[in-house]
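# Close look at the chain arrangement
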Amino acid sequence: MLPEPDEAGVRKLCEAITVPGAWLKVLAAPEDVAGWITPGWTVPDDPGFMMFTELRATAAPVLPEGYALETGTRDGVFRVRVLAAGGTPAARGQIAPTGRTAVVDQVETYPGHQRRGLGRIVMRTLQTAGAEAGATTGVLGATVQGRALYRSLGWRQQGPLTGIVRSQDLRRSSGRRHRS
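All of the points below concern the structure found in this document. (Residues numbered from 1 in each chain as written. Predicted model: local features only at pLDDT ≥ 70, side-chain atom pairs only at ≥ 80, totals over all residues. Heavy atoms only, no water.)

Looking only at helices and strands, the protein chain has four helices and nine strands in total. Listed by position from the N terminus, the elements making up the protein chain come as α-β-α-β-β-β-β-β-β-α-β-α-β. In terms of its C-alpha atoms, the protein chain occupies a principal-axis envelope of roughly 50 × 35 × 30 Å. Carbon and sulfur atoms make up 50% of the accessible area of the protein chain, which totals about 10100 Å². If you average the places of the 22 positive and of the 16 negative side-chain charges in the protein chain, the two averages end up 3 Å apart. (Helix = DSSP H or I, 4+ residues; strand = E, 2+ residues; numbered from the N terminus. Areas by Shrake-Rupley, 256 points an atom, 1.4 Å probe, with all protein chains shown as cover. Lys, Arg positive; Asp, Glu negative; His and termini not counted. Charge placed at Lys NZ, Arg CZ, Asp CG, Glu CD.)

See below:
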């Protein structure tokens, strides 16, 4: 993650990192980042947004009928899953406290379970877990689709967030790819 990127810094990292499939997240617009990357790197994903909020513990959310909440911690990462009848996954997410900050990741509501408040339940559960672990600020990289949910929960946008990835096969890499 590069919170204050510039062309020289991004190029230096791109040249130093040679592991196929490696990702960098850059707090800059895709059109800027596309001009900074070196051959072997691409800008493959949709626009992203760096967001943050103050973390506070809240009351346990009420699940819609027919759903169950499953939580657990592994390797310092708190995970939450909402399960539908029969134990099929309906929504999920995770948060990793890193001191005063906690990083939210992999928040998803599965098709067929959307528009039932499950994403909100996952986020409230994660925010409470982060606060209870001692973190005061939550951060996440939002997609276009997820940004509306996070805004409705009081998260604020810091700026654009662009992912770049090292080619899996460096022999076939076409170098830069500009996304419009």
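Positive phi values are uncommon outside glycine, yet glutamine 106 reaches one of about 55 degrees. Its location among the elements puts glutamine 106 in strand β7 (residues 101–109). Positive phi outside glycine occurs at arginine 115, with the angle close to 65 degrees. By secondary structure assignment, the location of arginine 115 is in the loop between β7 and α3 (118–132).

Among the structural elements, threonine 162 can be located in strand β9 (residues 156–166). The class of threonine 162 is buried, set by a relative accessible area of 1%. Only 2.6 Å separates the side chain of threonine 162 from the backbone oxygen of alanine 28, close enough to count as a polar contact. (Buried < 20%, exposed > 50% of the residue type's maximum accessible area, 1.4 Å probe, protein only. Polar contact = N/O pair within 3.5 Å; in protein donor to acceptor, adjacent residues only side chain to side chain.)

A word on the nonpolar core. Counting residues in hydrophobic clusters, the biggest one holds 25 residues, and the most contacted among them are Met123, Leu126, Leu140 and Trp155. Where this core is concerned, the elements lending two or more residues are β3 (48–54), β5 (77–83), β6 (89–97), β7, α3 and β8 (137–142). With six residues, the single largest contributor to this core is α3. Residue contacts for leucine 126: discarding those within four places in its chain leaves Phe78, Val80, Gly93, Gln94, Ile95, Val104 and Val107. (Core = buried A, V, L, I, M, F, W, Y, C linked by side-chain atoms within 4.5 Å. Contact = heavy atoms within 4.5 Å.)

Moving on, we get to the environment of leucine 126. Its place among the elements puts leucine 126 in helix α3. Residues leucine 126 and arginine 79, spaced 47 residues apart in sequence, show a C-alpha to C-alpha distance of 7.8 Å.

Turn by turn, an α-helix covers 3.6 residues, leaving residues three or four places apart pointing in a common direction. Among the residues of helix α4 (residues 144–152), those classed as buried are Gly146, Arg147 and Tyr150. With its buried residues spanning 115 degrees around the axis, α4 presents them on a single face. With respect to the buried face of α4, the exposed residues turned more than 90 degrees away are Gln145 and Ala148. In this structure, the buried residues of α4 make contact with β3, β7, α3, β8 and β9. Two residues or fewer past α4, glycine 154 is found with a positive phi of approximately 95 degrees. (Arc of directions from axis to C-beta.)

Under the counting rule described, the total for this entry stands at four salt bridges. Here glutamate 54 ties to arginine 56 by a salt bridge, and the two come within 3.7 Å at their closest N and O atoms. We note a salt bridge from arginine 81 to glutamate 70, for which the minimum N-O separation is 2.8 Å. Taken together, the positions of arginine 81 in strand β5 and glutamate 70 in strand β4 (residues 68–74) put the pair eleven residues apart, joining distant regions of the chain. Classification of arginine 81 as partly exposed rests on a relative accessible area of 34%. (Salt bridge = Lys/Arg side-chain N within 4 Å of Asp/Glu carboxyl O.)

Note that aspartate 105 resides in strand β7. Using a relative accessible area of 38% as the deciding quantity, one classes aspartate 105 as partly exposed. C-alpha separation for the pair aspartate 105 and glutamine 168, spaced 63 residues apart in sequence, amounts to 23 Å. The residues contacting aspartate 105, other than those within four sequence positions of it, are Gly93 and Gln94.

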